[in-house]
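# An overview of the molecular structure
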Amino acid sequence: MNKSQLQQHDREHLLHPFTDFHDLGNQGTRVITSAEGAYITDIDGHKMLDGMSGLWCCNLGYSRREISEAIYEQLNKLPFYNSFFQCTTVPSIELADMLAEVTPAGMNNVFFTGSGSEANDTNLRIIRRYWDLKEQPEKRIVISRKNAYHGSTIGGASLGGMSGMHKQFQSLDYIEHIQQPYWFGEGGDMSPEEFGVHAARCLDEKIQELGPEKVAAFIAEPIQGAGGVIIPPETYWPEIKKVLDQYDILLVMDEVIFGFGRTGEWFGADYYGMKPDLMTFAKAVTNGYFPLGGTMVSDRVAEVIKAKGGEFTHGYTYSAHPAACMAGIATLNILREEKIIETVRDTTGPYLAKRWAELADHPIVGEARTLGLVGALELVKDKNSRARFDDDCTAGGVCRDMSIKNGLVMRATGDTMIIAPPLILTIEQIDELVEKAHRALDDTARAMA
Ligand SMILES: *Cc1c(COP(=O)(O)O)cnc(C)c1O
């Protein structure tokens with residue numbers, strides 16, 4: 001099939017995730033045909049630096065044969081066996097061991113799933129089971145945050161706080177949402193430090209309002225990813241910690257994006273010095289080469305759910321899929337052997353921070369922020385008032401298209417441009433990324449004028 005035939009068949013038969021089918025039908029899809037290192041190429045031969053690591057998952061880029069070969073060998077040896085009914089497979093045990101080593105101290109058990117959404121559903125099941133076994137069944141409510149992303153199953157989407165999603169389904173009724181720590185968008189006249197404390201105190205207020213005896217858990221991404229790379233002010237997590245220490249409430253950190261090195265530490269929990277009770281992971285655990293997710297379970301929770309008898313009636317056919325686990329093992333081996341995370345912490349992260357900050361001088365940029373190898377740009381019409389171009393956030397879409405034209409994949413969340421490039425990026429490739437982003441901003445400024 002040639003390009004237009006592919007686009008036509010795509011239109012006729014494929015329903016895409018998070019897509020306006022009508023728009024897509026009119027514009028046609030971009031057909032991506034190959035990838036190498038940190039670059040992807042489309043069917044027209046247009047090569048782009050992938051500033052989004054696929055969908056936050058291909059952190060080691062696209063050319064890691066160690067991972068594809070590990071999967072292939074496993075598929076030939078034992079392509080599938082389940083881990084129900086007192087069965088197990090060697091790769092699942094080995095990956096569980098490795099995860100216990102690289103995750104924060106006190107997290108030594110893993111429940112595998114096929115994705116991040118499923119893992120957050122699993123969290124809801126574990127939270128309920130834990131409090132039931134502790135004979136506190138009235139602890140039911142889970143507090144999350146507005147504009148959070150926790151996946152797209154009913155459980156994941158209920159936990160998430162995106163209003164556009166909530167309009168299209170019936171949310172679980174035991175989930176509550178508080179303010180997000182988005183200083184640029186919601187901080188008003190407060191300093192970032194004041195606003196960080198303010199946003200964290202919202203958790204305390206919500207707990208008081210609901211009654212601590214009814215609150216089971218608080219879930220949060222260390223940094224909101226899909227919500228627009230919202231890096232909380234430095235005061236936020238320490239204050240959240242203070243609030244949680246006062247009450248008997250579980251902390252779930254959703255590390256689906258920030259796990260496995262994106263901040264320059266293994267996990268966002270390490271970066272912020274937090275001790276979660278449950279920790280969701282997916283995406284980069286296999287470098288995107290095979291679907292795999294899971295939740296790390298702290299000793300505090302594992303002891304309860306393991307010690308008390310009775311079946312935990314939950315699991316998925318593909319929980320601990322052996323080929324997925326082999327992909328995870330190969331990925332973690334590369335991260336460790338090539339000191340990828342240390343390089344992000346010591347070299348490429350600080351370099352990106354310095355270069356990205358230069359973009360803040362651009363006339364349509366209200367803020368340029370980074371942490372590790374993740375970054376965001378706030379597009380504004382007026383730098384001082386932070387006024388956007390329009391209510392429909394058209395500047396973001398324009399900038400995304402301009403960026404692709406200039407050979408860089410950036411994503412738009414409203415009028416916030418975001419990047420999360422592969423962790424293997426070199427200094428020269430960071431220069432290339434910043435230069436292409438700059439050109440995209442120039443083109444956007446012209447188009448919006
Ligand atoms: C992507 C994502 C999920 C959902 O993962 P899927 O594998 O798409 O189900 C959950 N939480 C966060 C923070 C994510 O970014």
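We now turn to the structure provided with this report. (Residues numbered from 1 in each chain as written. Predicted model: local features only at pLDDT ≥ 70, side-chain atom pairs only at ≥ 80, totals over all residues. Heavy atoms only, no water.)

### Remarks on the pattern of salt bridges
This model, assessed by the stated rule, comprises 24 salt bridges. Notably, a salt bridge pairs Glu 338 with Arg 64, separated by 2.6 Å at the nearest N-O pair. Here Arg 64 lies in the loop between helix H3 (53-56) and helix H4 (65-77) and Glu 338 lies in the loop between helix H14 (322-337) and helix H15 (340-357), a separation of 274 residues in the sequence. With a closest N to O distance of 2.7 Å, Asp 431 and Arg 355 form a salt bridge. In this pair, Asp 431 sits in helix H17 (residues 427-448) while Arg 355 sits in helix H15, placing the two residues 76 residues apart along the sequence. Each member of the pair, Asp 431 as well as Arg 355, is classed as buried. One network of salt bridges, with partners in common, ties together Arg 201, Asp 204, Glu 239 and Lys 242. (Salt bridge = Lys/Arg side-chain N within 4 Å of Asp/Glu carboxyl O. Helix = DSSP H or I, 4+ residues; strand = E, 2+ residues; numbered from the N terminus. Buried < 20%, exposed > 50% of the residue type's maximum accessible area, 1.4 Å probe, protein only.)

### Re the packing of aromatic side chains
Counted by the stated rule, this structure contains 13 aromatic pairs. An aromatic cluster of at least three residues, connected via ring pairs, comprises Phe 112, Phe 260, Trp 266, Phe 267 and Phe 281. Taking NZ or CZ as reference, Arg 128 lies 5.1 Å from the ring centre of Tyr 174, over its face. Taking the ring centre of Trp 131 as reference, the NZ or CZ of Lys 139 above it sits at 4.8 Å. (Phe/Tyr/Trp six-rings, centres within 6.5 Å; stacked < 30°, edge-to-face > 60°. Lys NZ or Arg CZ within 6 Å of the ring centre and 35° of its normal.)

### Digging into the nonpolar core
The biggest cluster of nonpolar side chains holds 103 residues, and the ones touching the most others in it are Phe 218, Phe 260 and Trp 356. By residue number, the principal contributor to this core is H14, which donates ten residues. Both domain 1 (31-63 + 339-448) and domain 2 (66-337) contribute no fewer than three residues apiece to this core. Within the second largest apolar cluster, 19 residues are counted, among which are Leu 133, Leu 250, Leu 278 and Val 301. (Core = buried A, V, L, I, M, F, W, Y, C linked by side-chain atoms within 4.5 Å. Domains from an automatic or database assignment.)

### A closer look at the site of the ligand
Taken together, Ser 115, Gly 116, Ser 117, Asn 120, Tyr 149, His 150, Gly 151, Glu 221, Asp 254, Val 256, Ile 257 and Lys 283 make up all the residues around the ligand. Between Ser 115 and the ligand, the recorded distance is 3.5 Å, taken from a side-chain N or O atom to an oxygen atom. Between Ser 117 and the ligand, the recorded distance is 2.5 Å, taken from a side-chain N or O atom to an oxygen atom. In the complex, 84% of the free accessible area of the ligand, which totals 380 Å², lies under the protein chains. Looking at the shell around the ligand element by element, the count peaks at three residues for helix H6 (residues 116-133). The class makeup of the residues in the shell around the ligand is three nonpolar, six polar and three charged. (Near = heavy atom within 4 Å. Polar contact = N/O pair within 3.5 Å; in protein donor to acceptor, adjacent residues only side chain to side chain. Areas by Shrake-Rupley, 256 points an atom, 1.4 Å probe, with all protein chains shown as cover. Nonpolar A, V, L, I, M, F, W, Y, C, P; charged D, E, K, R; others polar.)

These figures come from the coordinates and say nothing about function on their own.
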